[in-house]
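This is what each chain is made of:
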Amino acid sequence: MNKRILTVIVIAVFLAAGVPHASPVPKDPKKQTPWGLYVDSKEAYQMKQELGSKVLFVDVRDPIEIMFTGFTDVVDVNIPFKLANRSKWNKKKPVYAMELNQNFEQDIAAALKKRGLNKDAPILLMCRSGGTRGAPSAKKLWGKGYQQVYVVTDGFEGGEIKKGEKKNWRLKNGWKNSGLPWSYKLNKEKMYFSTPAQ
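This is a predicted model, so every value here is computed, not measured.

### Some thoughts on helix 4 (residues 104–114)
Consideration 1: For helix 4, every residue scored as buried is listed here: F104, E105, I108, A111 and L112. The buried residues of helix 4 all sit within an arc of 120 degrees when viewed along its axis, so they share a single face. Within helix 4, the exposed residues directed more than 90 degrees away from the buried face are K113 and K114.
Consideration 2: Positive phi appears at G116, one or two residues downstream of helix 4, with a value of about 75 degrees.

### Some points on the pairing of strand 4 (residues 82–90)
Consideration 1: The pairing of strand 4 with strand 5 (residues 95–100) spans 6 bridges and is antiparallel. Along strand 5, the bridge assignment pairs N90 with V95.
Consideration 2: Remark: 4 residues form the turn of the hairpin made by strand 4 and strand 5, two consecutive strands paired antiparallel; P94 in that turn has positive phi of roughly 20 degrees.

### Overview of a positive patch on the surface
Consideration 1: A cluster of like positive charges, contributed by K31, K162, K167 and K172, occupies part of the molecular surface.
Consideration 2: Mapped onto the secondary structure, K167 falls in the loop between strand 8 (159–160) and strand 9 (170–172).

### Observations regarding the environment of A84
Consideration 1: Residue placement: A84 occurs in strand 4.
Consideration 2: For A84, a relative accessible area of 34% corresponds to the partly exposed category.
Consideration 3: Along the sequence, A84 and A97 sit 13 residues apart, while their C-alpha atoms lie 5.8 Å from each other.
Consideration 4: In contact with A84, not counting residues within four places along its chain, are D62, Y96, A97 and M98.

### A look at the packing of aromatic side chains
Consideration 1: Tallied over the full model, the rule gives 7 aromatic pairs.
Consideration 2: Ring plane angle 50 degrees and centroid distance 5.6 Å describe the contact between F57 and W175, whose orientation is recorded as tilted. Residue F57 is located in strand 2 (residues 56–59), and its partner W175 is located in the segment after strand 9; the two are separated by 118 residues in the primary sequence. You'll find F57 and W175 in the same group, each marked buried.

### Re unusual backbone geometry
Consideration 1: For P94, which is not a glycine, the phi torsion comes out positive at approximately 20 degrees.
Consideration 2: Following the sequence through the fold, P94 ends up in the loop between strand 4 and strand 5.

### Notes on the nonpolar core
Note on soluble globular proteins: their nonpolar side chains tend to be buried together.
Consideration 1: Judged by nonpolar contacts, the single largest core of 22 residues is most densely connected at V58, I108, I123 and L125.
Consideration 2: Secondary-structure elements contributing two or more residues to this core are strand 2, helix 4, strand 6 (122–126) and strand 7 (148–152).
Consideration 3: The leading source of residues in this core is helix 4, at 4 residues.
Consideration 4: V39, I66, V75 and Y150 belong to the second-largest nonpolar core, a separate cluster that totals 18 residues.

### Overview of the side chain of D76
Consideration 1: Tracing the sequence through the fold places D76 in the loop between helix 3 (63–69) and strand 3 (77–78).
Consideration 2: For D76, a relative accessible area of 15% gives the class buried.
Consideration 3: Of the polar contacts made by the side chain of D76, one reaches the side chain of K48; its length is 2.7 Å.
Consideration 4: With sequence-adjacent residues up to four places away left out, D76 is seen in contact with K48, V55, L56, F57, R115 and K190.

### Examining the sheet that holds strand 3
Consideration 1: In space, the 5 strands of this open sheet follow the order 1-7-6-2-3, with parallel pairing throughout. Both edges of this open sheet fall to strand 1 (38–39) and strand 3, since each of them pairs with a single strand only.
Consideration 2: With 2 bridges joining them, strand 1 and strand 7 adopt parallel strand pairing. Directly across from Y38, in strand 7, lies its bridge partner V151.
Consideration 3: Packed onto the sheet, helix 4 meets strand 2, strand 3 and strand 6 and runs at close to 140 degrees relative to strand 2.

Reading the values: rules and limits
Residues numbered from 1 in each chain as written. Predicted model: local features only at pLDDT ≥ 70, side-chain atom pairs only at ≥ 80, totals over all residues. Heavy atoms only, no water. Buried < 20%, exposed > 50% of the residue type's maximum accessible area, 1.4 Å probe, protein only. Helix = DSSP H or I, 4+ residues; strand = E, 2+ residues; numbered from the N terminus. Arc of directions from axis to C-beta. Pairing = 2+ DSSP bridges. Patch = residues over 30% accessible without salt bridge, like charges linked within 9 Å, V, L, I, M, F, W, Y side chains within 5 Å. Areas by Shrake-Rupley, 256 points an atom, 1.4 Å probe, with all protein chains shown as cover. Salt bridge = Lys/Arg side-chain N within 4 Å of Asp/Glu carboxyl O. Lys, Arg positive; Asp, Glu negative; His and termini not counted. Charge placed at Lys NZ, Arg CZ, Asp CG, Glu CD. Contact = heavy atoms within 4.5 Å. Phe/Tyr/Trp six-rings, centres within 6.5 Å; stacked < 30°, edge-to-face > 60°. Core = buried A, V, L, I, M, F, W, Y, C linked by side-chain atoms within 4.5 Å. Polar contact = N/O pair within 3.5 Å; in protein donor to acceptor, adjacent residues only side chain to side chain. Axes fitted to C-alpha atoms, helices over the stretch in contact; angles between N-to-C directions.

Structural data, given as structure tokens:
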């Protein structure tokens with residue numbers, strides 16, 4: 001039996017088992033993707049537990065951000081969608097400028113290949129809050145042969161509390177707030193290392 005048929009069978013079993021895999025479509029069009037595939041963090045965890053190495057789970061945050069906010073070893077690999085450019089400044093936010101990782105799609109393709117997967121395999125993309133980088137990173141893969149790209153809609157840290165003494169703290173939903181495994185310890189084997197300029 002070839003790998004493609006096996007993957008289709010595994011996914012069919014996953015769906016038939018009633019494993020939740022479909023969070024509501026985000027209301028904000030900027031957080032929507034052409035595939036229309038969305039899961040929350042608990043669903044992403046369950047999907048990874050059920051399908052294991054047949055799913056590529058990618059943390060798309062900058063590795064420096066991960067270093068200070070935490071990481072889950074359930075993720076297969078860190079491939080940032082955007083990287084902080086410490087030689088440029090974003091005057092609107094007062095922070096370093098965030099620039100697109102020009103190798104993002106190629107790095108996704110390489111991560112699939114390394115695991116013996118092809119572009120038919122499900123890919124889970126998780127950013128900090130769920131949509132700011134999740135959906136745009138998915139859209140970068142559109143039209144390049146990828147068949148199942150999911151966005152983790154509540155992200156790693158979740159959304160901000162709107163009222164009270166913890167207003168603006170990211171304590172609503174998200175991987176960290178859902179009782180799922182995470183730590184401030186990073187797995188070096190899964191982290192992104194950029195190639196130094198020559």
